[in-house]
Amino acid sequence: MTDYYHTHYQAFHERTYSIDPGVFLDPFLKVLPPDSSLLDVGCASGRDLVWFQSRGLRVTGFEKSPGLAALARQNAGCQVIEGDFETFDFSALSFDAVLAAGALVHIPHARLSRVIANICDALVARGFFYISLKQGDGVRTDDTGRTFYYWQDDMLRNLFGRLSLSLLDHTGGPSVANSGDMWLGYVLRMND
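In what follows, the accompanying structure is described. Within each chain, residue numbers correspond to sequence positions counted from 1 in written order. With the structure being a predicted model, the display of local features is reserved for residues of pLDDT at least 70 and the display and counting of side-chain atom pairs for 80 or more, all residues being used for whole-chain, interface and lining totals. For side-chain calculations, the full set of non-hydrogen atoms in the structure is used, while hydrogens and water are omitted.

## Overview of helix α5 (residues 66–76)
In step 1: Using a 1.4 Å probe on the protein chains alone, a residue whose accessible area is under 20% of its type maximum counts as buried, one over 50% counts as exposed, and one in between counts as partly exposed. Put simply, DSSP marks the helices as runs of H or I at least four residues long and the strands as runs of E at least two long, and each gets a number from the N terminus on. Restricting attention to buried positions, one finds in α5 the residues Gly67, Leu68, Ala69, Leu71, Ala72 and Ala76.
In step 2: One or two positions beyond α5, positive phi appears at Gly77, with a value near 65°.

See below:
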């Protein structure tokens with residue numbers, strides 16, 4: 001999995017960069033105050049950074065793959081932190097909103113709660129969080145060797161409740177990139 005994004009970053013960029021993120025990110029944008037600061041965790045080559053930047057947000061990327069991070073810096077012209085979201089200390093950061101669009105699909109079910117809690121340490125009080133994950137059951141490995149973990153809506157809602165994240169909006173629907181994949185998207189806010 002990790003090796004795929006390190007060695008195939010250019011192919012991943014070419015396959016995903018031209019997708020219009022407004023299809024799934026509009027509900028998140030609608031709740032964000034103007035001029036919000038946003039951290040895009042797993043920003044890949046910067047598509048969503050550019051999209052939010054063009055709508056007046058102050059953006060910063062976070063990416064594990066050095067190749068994707070370099071592309072994100074080039075495309076968005078903003079700071080991109082290189083690190084692993086499972087081990088990085090997010091408590092030193094402070095953002096109005098955090099985006100994790102498809103970024104956590106490779107995290108095993110048993111570790112997702114801990115990873116989200118770690119990432120949410122970057123949020124200001126009552127900050128906003130967006131996450132999207134693949135809908136379904138179990139675990140699958142694709143032909144590139146990447147392992148994906150699938151989720152049901154009720155499982156995620158329970159997890160968010162345990163993390164003191166309130167649900168503001170929820171979307172679900174087919175992938176704009178891969179036919180057959182279904183996605184669940186959540187706009188959340190940290191409780192007091």
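## Comments concerning the pairing of strand β5 (residues 123–134)
In step 1: Judged by how many residues are buried, β5 sits mostly within the fold: nine of twelve residues are covered.
In step 2: Pairing between strands is defined by DSSP: at least two bridges between the two strands are required. Sheet topology note: the strand β4 (residues 95–101)/β5 ladder contains six bridges and is parallel. Across the sheet, Phe95 pairs through a bridge with Leu123, a residue of β5.
In step 3: Handedness of the β-α-β unit built from β4, helix α6 (residues 109–120) and β5 comes out right-handed.
In step 4: The pairing of β5 with strand β9 (residues 182–190) spans seven bridges and is antiparallel. Paired with Ser132 across the bridge in β9 is Gly185. A right-handed crossover is one whose linking path, passing over the helix from the first strand to the second, runs clockwise when the strands point away from the viewer.

## Quick look at the pairing of β9
In step 1: Bridge analysis of strand β8 (residues 165–174) against β9 gives nine bridges, and the strand direction is antiparallel. Paired with Leu165 across the two strands is Met190, which belongs to β9.

## Details of the sheet that holds strand β3 (residues 80–82)
In step 1: Spatially, the seven strands line up as an open sheet ordered β3-β2-β1-β4-β5-β9-β8, and their pairing is mixed. Two strands lie at the open edges of the sheet, namely β3 and β8, each paired on one side alone. The mean inter-strand angle of the sheet, taken between neighbouring strand axes irrespective of direction, is 15°.
In step 2: Sheet topology note: the strand β1 (residues 37–41)/strand β2 (residues 58–63) ladder contains five bridges and is parallel. Among the inter-strand pairings, Leu39 is bridged to a residue of β2, identified as Thr60.
In step 3: Contact definition: two residues touch when any of their heavy atoms are within 4.5 Å. Comment: axis = line fitted to C-alpha atoms, over the contacting stretch for helices; angle = value between 0 and 180 degrees taken between N-to-C directions. Taken strand by strand, helix α3 (residues 22–31) contacts β1, β4, β5, β8 and β9, and its axis lies near 170° from that of β5.

## A closer look at α6
In step 1: Expected span, for any helix, means 1.5 Å times one less than how many residues it has. Under the 1.5 Å per step criterion, the end-to-end length of α6 is 18 Å for twelve residues, consistent within 8% with the ideal 16 Å.
In step 2: Looking at α6, one finds that the buried residues are Leu112, Val115, Ile116, Asn118, Ile119 and Cys120.
In step 3: In this structure, the buried side of α6 is in contact with β1, β4, β5, α7 (153–162), β8 and β9.

## A short note on the pattern of salt bridges
In step 1: When a carboxyl oxygen of Asp or Glu lies within 4 Å of a side-chain nitrogen of Lys or Arg, that pair is called a salt bridge. Enumeration over the complete set of coordinates arrives at ten salt bridges.
In step 2: Notably, a salt bridge pairs Asp181 with Lys134, separated by 2.9 Å at the nearest N-O pair. With Asp181 in the loop between β8 and β9 and Lys134 in strand β5, this pair connects stretches of sequence that are 47 residues apart. Each member of the pair, Asp181 together with Lys134, is buried.
In step 3: In this structure, Arg146 and Asp142 form a salt bridge, with 3.0 Å as the shortest nitrogen-oxygen distance.
In step 4: When salt bridges that share partners are traced, they join Asp35, Arg58 and Asp96 into one network.

## Quick notes on the nonpolar core
As a rule of thumb, nonpolar side chains are buried together in soluble globular proteins.
In step 1: We call a set of buried Ala, Val, Leu, Ile, Met, Phe, Trp, Tyr and Cys residues a nonpolar core when their side-chain atoms join them within 4.5 Å. Leu104, Ile116 and Phe129 are the most contacted members of the largest nonpolar core, which has 36 residues in total.
In step 2: When residues of this core are assigned to their parent elements, the largest contribution, five residues, is made by α6.
In step 3: What Ile116 contacts, discounting residues up to four positions off in sequence, is Leu104, Phe129, Ile131, Leu159, Phe160, Leu163 and Leu165.

## A closer look at the environment of Thr171
In step 1: With respect to the helices and strands, the residue Thr171 is situated in strand β8.
In step 2: By relative accessible area, which is 29% here, Thr171 ends up partly exposed.
In step 3: In the structure, Thr171 is positioned 39 residues away from Ser132 in sequence and 9.1 Å away in space, judged by C-alpha atoms.
In step 4: Once residues lying within four places of it in the same chain are set aside, the contact partners of Thr171 are Pro27, Trp183, Leu184 and Gly185.

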